[in-house]
Amino acid sequence: MNNIAALQDGKAVGDRMSRVDGRLKVTGGAKYSAEYELPGLVHSALVGSTIAKGRITSIDTKAAERAPGVLAVITHLNSPKVPGFAAKSNPDEPPAIGQPLRVFHDEKIYFNDQPVAIVVADTLERARHAARLVKVQYVAEQHQTNFEANKSKGFLPTQAKRNPKSAQNDYTRGQADGYQAAPVKLEAEYVHESEMHNPMELQSIIAHWEAADQLTVYDKVQAVKGTQRAFAKDWGLPEQNVKVIATFVGGAFGNGLHNWPHETAAIIAAKVTGKPVKLMLTREQMFTMVGYRPKTWQRIQMGATKDGKLVGITHESVGQTSTYEEFTESTVQQTRMMYAAPNVSTRYRILGLDVSTPIWMRGPGEATGAFALESAIDEMAHLVGLDPLEFRLRNYTDSDPEKNKPWSTKYLKECFQAGAERIGWSKRQLQPGQLREGDWLIGYGMGVGTFGANRGTAKARAALLADGSVLLQSATTDIGPGTGTAMVQIASDALGLPTDKIRFELGNSLFPQAPSQGGSSTVNTVGSAVNDACLALKKKLQELGGAAFANVQPEQLTLSGGQLGLKANGGPRMSFADLRKANNGQDVEVTTESKPSGDARQNYSMYSFSVHFAEVRVHAMTGEVRVTKMVSCADAGTIVNQKTAGSQMIGGAIGGIGMALHEGAVMDDRFGRYVTKDLADYHVPVHADAPPVEVYFVNKPDPLVDALGTKGIGEIAIIGVAPAITNAIFNATGKRIRELPVTPDKVLLA
Amino acid sequence: MNPFQYVRATKAKAAIDARAGDATSQFIAGGTNLLDLMKRGVMTPQRLIDINKLPFDKIERQSNGLRIGALALNSTTAEDKQVLERAPLLAQALNAGASAQLRNMATVGGNMLQRTRCSYFYDPAMPCNKREPGSGCGALEGYNRMHAIFGFSDKCIAVHPSDMSVALVALDAAVLVSGPKGERRLAFGDLHRLPGDEPQRDTNLEAGELITAVEVPDSPFTKHVHYLKVRERASYAFALVSVAAALSLDGNTIKDARLAMGGVAHKPWRLTEAEKSLIGKPATEATFQEAARVAMQGAKAFKHNQYKLKLAPNAIVQALKNAAAVS
Ligand SMILES: Cc1cc2nc3c(=O)[nH]c(=O)nc-3n(C[C@H](O)[C@H](O)[C@H](O)COP(=O)(O)OP(=O)(O)OC[C@H]3O[C@@H](n4cnc5c(N)ncnc54)[C@H](O)[C@@H]3O)c2cc1C
Ligand code: SF4
């Protein structure tokens, strides 16, 4: 139905089309990394260290080796050396920016639950049982996992030291710490615990050496090309000898943006056994070795005039990383560009602890930073006696104060207005603690988010097949947003072909180059590539059409009705069959590359914007917090699909509820080991925690980002949600809780 | 998971004999707790004796109360008409536990025998006297936010996680047990024990004893009851603190009262003294505050569960207010 409607008005982009793979997903037809049934496939399980730092002194694998069904037990003592590891420098002196953990490389332990052995067996149960039989002895060294105790050791990331232009460097606009001169000042510290991505699908890989120098992996990753490059480098292989398949990814939120120890462990196991080896992590292992949003401390110092004009903001941050890799993120970025403060200073530091390496998690950096900034904005609005929306309007900026450039587009004011109306902002009381229903205190809060409207370079292949359909391919992935669906819609408009005649394939390193799915840039990047490939395909068809089409622009052409013709009535026409004939009976095929325009990027600042409004209830006696309504509004350029984009926004809002109220991994520093490491102890929102979330899109194109006018949604869906909720808690109770997650105990004792 | 044998018992006696003769065996009912513990390597039975085919799943009306078979499902029990009529507090408590999917698997017997959710207990790489006697209590000086404020010992400060059991102890239920030495009947309050020097023992059951049923006596507590569960998310989370409150009112005067707490001790924590303080008093917030004060006598908190000293009395007052419908 959707398809026909889309075709009739000639526009699939903007349609609420259902997912092209929806049916496969809900019927179990979609194949995830662990679900490929290769002949001879065997199973494996990891053994993790039980100390956080030190050395392995001995490993007794005898009992495990003798256990039924066991094919191999691999440790650093008998592992084949990974060529790419050996080439690295002395393990005592990792390169400054670090390197991924070299699994089974030596006896050193860098974090608790670090893989120290992999057991391969004929069944999963036997592998897991035998893994328990491996006995490891250690010499422990004094580990440091306590963030608070080590905070003062935070350091400027090496990339900033090396490159003065790196955004991780300290930043000053106007006077350094110029907030101090203001008549109204505040200083506040904000902390959140490490948060685990915990996608529904566990991290899994099947590693298969198809020949001694031919590696295929079915792997849960967000970058098939990046993974291909990484493993080719590790194993000293030409890139084309490594094939990476990730056709479906069951959620990732960023933890598929890095290659992790378990992947190499499985590849090693496959090498040793000569069989395809499947490794699926347990839920507990998902907490210890596949990245997380790092625990972060932030301090905001802010000054304003009595009538609510910001004088200055100083934003400092220390984020956790491991001792072997320097993970950085853009925690202080929003503070630099969101408000028209004349004096802004930011200082970003990282702190290496004896833990595994973090990785980008939805809204990386900005979601953390926005918690501090947007809370402080709310605190300042309260200090100067202004409604926080009014306060934000008084400090609104129509150009980028950091880069001194115009915005490509910014429709945040429209978002403010739409959101305020929908949440019922007029009910909000200026003074906290005024609204009550029975034992529940009611409050309203808002938080703003932003993320760069990034666009990378990507290639796409388009082919007109014998059956009159068009096949598109690009090596991107889809971790859930509905990439394939959006691409089909874009192609449909570009070609004038109904959506059901178009197929988009992704998640395979054999396809043309595309970047990882991350940073909210897939539609901007791959969407542009698809659009361009479709135009190139039409051009090629036009050439095949010969003289009849000589005076026609490719933009005027359409493929509707099984033939190449003009969008307008009349003019030349040629059937697909004849076009194929002209192409020697072959599929008509093009591959193109699309790059962002350097000029536009030079002259404009490009960001997506969002604002989230929350209504919360806080129980006066128990401190329980329930979010009862949310409105999320986004200026994300053209919305290709209101349905999938809306789902992204809703998912981000619910993720933000988790960030605000539930999520936070607890470490017992005596052991340097997580205490909460399953989904019973580490809470994420359940259905009953998800309120009605209303989504509003400005839906105005930003033609400077790309021809379609898209800006990106994934990150801004969560950035600013947590402070919207904590600000609402303040409005309800007068209690300002600056440590996430806001659990009932914190509310009660505040 | 360790390899194990599996047998399905069709006669109670066979199940009891099998279990009594083999210390490494375990009964399995819904399996929703036991299997998790086996996967994590916390419990390593060599043999599972499946009791699901035993004829203990009926909910029956007796002359003086209800008899609920040990294999009745949590969901069936919570929806049972007689339970809703005669013991609505029990139905509320059951529905506050776990999730719909789990309640469809979990049995009444398994629920009361579920083991603590102490995170140290769950991780064989951490010390825990309950899992491995003598290894130390990880929680005592560790992360003890969920832990006990009553009845703990220096060997173990864990809490019993069951919601259902809090209602059962409040309602003066009894447990029917069948074992190698025959049948016996325990007051529900005597089923679970405090940790003392033997935290590895959760209950006073002997090896091989099978719970066959629980009896809930008729009571006047059919109207003014409330099970309040304070938790971190709206559903599917264990209680930080829970309160089972039941009042029998004559006008506004409290004729009789029952009060118990969950999430505060190694066993469901009956508050007899606080109950006494309620009787004969008007159902007002002041009365409830006084009961809460009495209830909290002797409470002691650790580093991360200080909040329970405030939350528990608040929850008591709130539960009593809800039960009495006092706003
Ligand atoms: C994620 C999660 C969340 C949960 N949340 C809650 C919650 O909020 N509140 C709550 O109360 N519970 C909660 N539970 C626990 C759940 O209620 C229990 O797992 C369930 O009630 C156990 O019942 P079962 O029949 O599955 O027991 P099983 O797992 O089969 O058995 C548990 C133990 O009891 C023994 N046993 C079982 N039946 C008998 C019998 N008749 N006689 C003697 N021994 C017996 C077994 O040998 C075993 O040791 C949760 C569980 C999970 C997994
Ligand atoms: S509180 Fe009990 S269960 Fe928890 S670690 Fe201590 S002994 Fe083990």
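Residues numbered from 1 in each chain as written. Chains lettered and ligands numbered in written order. Predicted model: local features only at pLDDT ≥ 70, side-chain atom pairs only at ≥ 80, totals over all residues. Heavy atoms only, no water.

Focus on the sheet that holds strand β5 (residues 115–121) of chain A
Residues and elements named next belong to chain A. Inclusion rule: Two strands are counted as paired when DSSP detects at least two bridges linking them. In DSSP terms, a helix is any run of H or I states spanning at least four residues, a strand is any run of E spanning at least two, and both are numbered starting from the N terminus. Only the stretch in contact is used when fitting a helix axis, every axis being a line fitted to C-alpha atoms; angles between N-to-C directions are given from 0 to 180 degrees. Working rule for contacts: check all heavy atoms of both residues, and any pair within 4.5 Å makes them a contact.
Spatially, β3-β5-β1-β12-β9-β10-β11 is the arrangement adopted by the seven strands of the open sheet, whose pairing is mixed. Each having just a single partner strand, β3 (70–75) and β11 (242–245) make up the two edges of the open sheet. Going across the sheet, the axis of each strand differs from the next one's by a mean of 20 degrees, ignoring polarity. Relative to the sheet, helix α9 (residues 261–273) contacts β1 (42–48), β3, β5, β9 (204–211), β10 (214–219) and β12 (277–280), its axis offset from that of β9 by approximately 35 degrees.

Section: the nonpolar core
Residue and element names in this part refer to chain A. The condition is simple: To qualify as a nonpolar core, a set must consist of buried Ala, Val, Leu, Ile, Met, Phe, Trp, Tyr and Cys residues joined through side-chain atoms within 4.5 Å. Buried means the residue's accessible area, taken with a 1.4 Å probe over protein chains only, is under 20% of the maximum for its type, while exposed means over 50%, and partly exposed covers the values in between.
Judged by nonpolar contacts, the single largest core of 85 residues is most densely connected at Met302, Leu412, Val611, Val616, Met630, Leu661 and Ile725. Sort the elements by how many residues they give to this core and helix α11 (residues 366–383) lands first, with nine residues. Excluding its chain neighbours within four sequence positions, the residues that come into contact with Leu412 are Met338, Tyr396, Val448, Phe609, Ser610, Val611 and Asp635. If you look at the next biggest cluster of nonpolar residues, it comprises 49 residues, including Val42, Ile205, Trp260 and Ala266.

Focus: the side chain of B:Lys229
Short version of the rule: What qualifies as a polar contact is a pair of N or O atoms within 3.5 Å, subject to a donor-acceptor requirement within protein and to the restriction that residues adjacent in sequence count only when both atoms come from side chains.
In this structure, B:Lys229 sits in strand β9 (residues 224–230). We classify B:Lys229 as buried; its relative accessible area is 8%. One polar contact links B:Lys229 to B:Asp163, side chain to side chain, over a distance of 2.8 Å. Apart from residues no more than four positions distant in its own chain, B:Lys229 is found in contact with A:Glu624, B:Ala96, B:Gly97, B:Asp163, B:Ala237, B:Phe238, B:Ala239, B:Val241 and B:Ser242.

Looking at the pattern of salt bridges
This is how the line gets drawn: What makes a salt bridge here is a side-chain nitrogen of Lys or Arg within 4 Å of a carboxyl oxygen of Asp or Glu, nothing more.
Across all of its chains, the model carries 57 salt bridges over all chains by this definition. Between B:Arg258 and B:Asp172 there is a salt bridge, with its nearest N and O atoms 3.3 Å apart. Remark: B:Asp172 occurs in the loop between α9 (164–170) and β6 (174–179) and B:Arg258 occurs in strand β11 (residues 253–262); sequence separation between them is 86 residues. A relative accessible area of 13% means that B:Arg258 is categorised as buried. Of the residues examined, B:Asp172 reaches a relative accessible area of 41% and is grouped as partly exposed. A salt bridge links B:Glu215 to B:Arg185; the shortest N-O distance between them is 2.7 Å. Within this pair, whereas B:Glu215 is found in strand β8 (residues 210–217), its partner B:Arg185 is found in strand β7 (residues 182–187), the two being separated by 30 residues in sequence. Several salt bridges share partner residues, and in doing so they unite A:Asp177, A:Glu187, A:Arg299, A:Glu316 and A:Arg347 into one network.

Re the sheet that holds strand β5 (residues 65–69) of chain B
Residues and elements named next belong to chain B. Pairing is antiparallel across the open sheet formed by five strands, whose spatial order is β4-β5-β8-β6-β7. The open sheet is flanked by β4 (59–62) and β7, the only strands paired with a single partner. Adjacent strand axes in the sheet meet at a mean angle of 25 degrees, parallel and antiparallel pairs treated alike.

Points about the interface of chain A and chain B
Stated precisely, the cut-off is as follows: Accessible area, probed at 1.4 Å, shrinks when two parts are joined; the buried area is that loss added up over both.
Taken together, the contacts link 36 residues of chain A with 36 residues of chain B. Between chain A and chain B lies a buried interface of about 3100 Å² when both sides are counted; carbon and sulfur atoms form 57% of it. Linking chain A to chain B there are six salt bridges. Counting across the interface, chain A meets chain B through 18 residue pairs in polar contact (both at pLDDT 80 or more).

Some words on the site of ligand 1
All names here are of chain B. Selection criterion: Being near a molecule or strand, for a residue, comes down to having at least one heavy atom within 4 Å of it. Each residue gets one of three labels, nonpolar for Ala, Val, Leu, Ile, Met, Phe, Trp, Tyr, Cys and Pro, charged for Asp, Glu, Lys and Arg, and polar for the others, Gly among them. All the domain ranges listed were derived from an automatic or database domain assignment.
The immediate surroundings of ligand 1 are formed by 34 residues, with Phe27, Gly31, Thr32, Thr107 and Asp163 found nearest. Residue Leu34 places a main-chain N or O atom 2.9 Å away from an oxygen atom belonging to ligand 1. Between ligand 1 and Asp163 there is a distance of 2.7 Å, counted from a nitrogen atom to a side-chain nitrogen or oxygen. Elements with a contribution of two residues or more to the shell around ligand 1: β2 (25–28), α2 (34–39), α7 (108–113) and β8. When grouped by side-chain class, the residues that make up the shell around ligand 1 number 16 nonpolar, 13 polar and five charged. Each of domain 1 (5–52) and domain 2 (224–324) contributes no fewer than three residues to the shell around ligand 1.

Considerations on the domain arrangement of chain B
Its domain assignment divides chain B into domain 1 (5–52) and domain 2 (224–324). Taking the mean C-alpha position of each, domain 1 of chain B and domain 2 of chain B sit 36 Å from one another.

Here's the deal with the site of ligand 2
Taken together, 14 residues lie around ligand 2, and B:Cys118, B:Cys128, B:Cys137, B:Cys156 and B:Ile157 are the ones closest in. Looking at the shell around ligand 2 residue by residue, the class counts come to nine nonpolar, three polar and two charged.

Side note on the pairing of β11(A)
Residue and element names in this part refer to chain A. Short version of the rule: By definition, the crossover connecting two strands over a helix is right-handed if that path, from the first strand to the second, turns clockwise as seen with the strands pointing away from the viewer.
Sheet topology places β10 next to β11; four bridges connect them, and they run parallel. Within β11, the position partnered with Val217 by the bridge is Val244. As for the winding sense of the linkage, the β-α-β connection from β10 through helix α8 (residues 224–235) to β11 is right-handed.

Focus on the side chain of A:Thr282
Residues and elements named next belong to chain A. Along the polypeptide, Thr282 turns up in the loop between β12 and β13 (296–304). In this structure Thr282 comes out as buried when scored by relative accessible area, which is 19%. In contact with Thr282, other than residues within four places in its own chain, are Arg128 and Leu202.

Quick look at unusual backbone geometry
With an omega of -5 degrees, the peptide bond between A:Leu740 and A:Pro741 qualifies as cis. Note that A:Pro741 resides in the loop between β32 (739–740) and α20 (744–749). Within the chain, B:Tyr236 stands out as a residue other than glycine whose phi angle is a positive 60 degrees. Tracing the backbone through its elements, the reader meets B:Tyr236 in the loop between β9 and β10 (241–250).

What to know about the pairing of strand β2 (residues 54–60) of chain A
Here is the key point about a regular strand: its side chains alternate between the two faces of the sheet. Residue and element names in this part refer to chain A. Bridge analysis of β2 against strand β4 (residues 108–109) gives two bridges, and the strand direction is antiparallel. Bridged to Gly54 within β4 is Ile109. Relative to strand β6 (residues 135–140), β2 is paired through six bridges, and the arrangement is antiparallel. Bridge pairing in β6 places Ser58 opposite Gln137.

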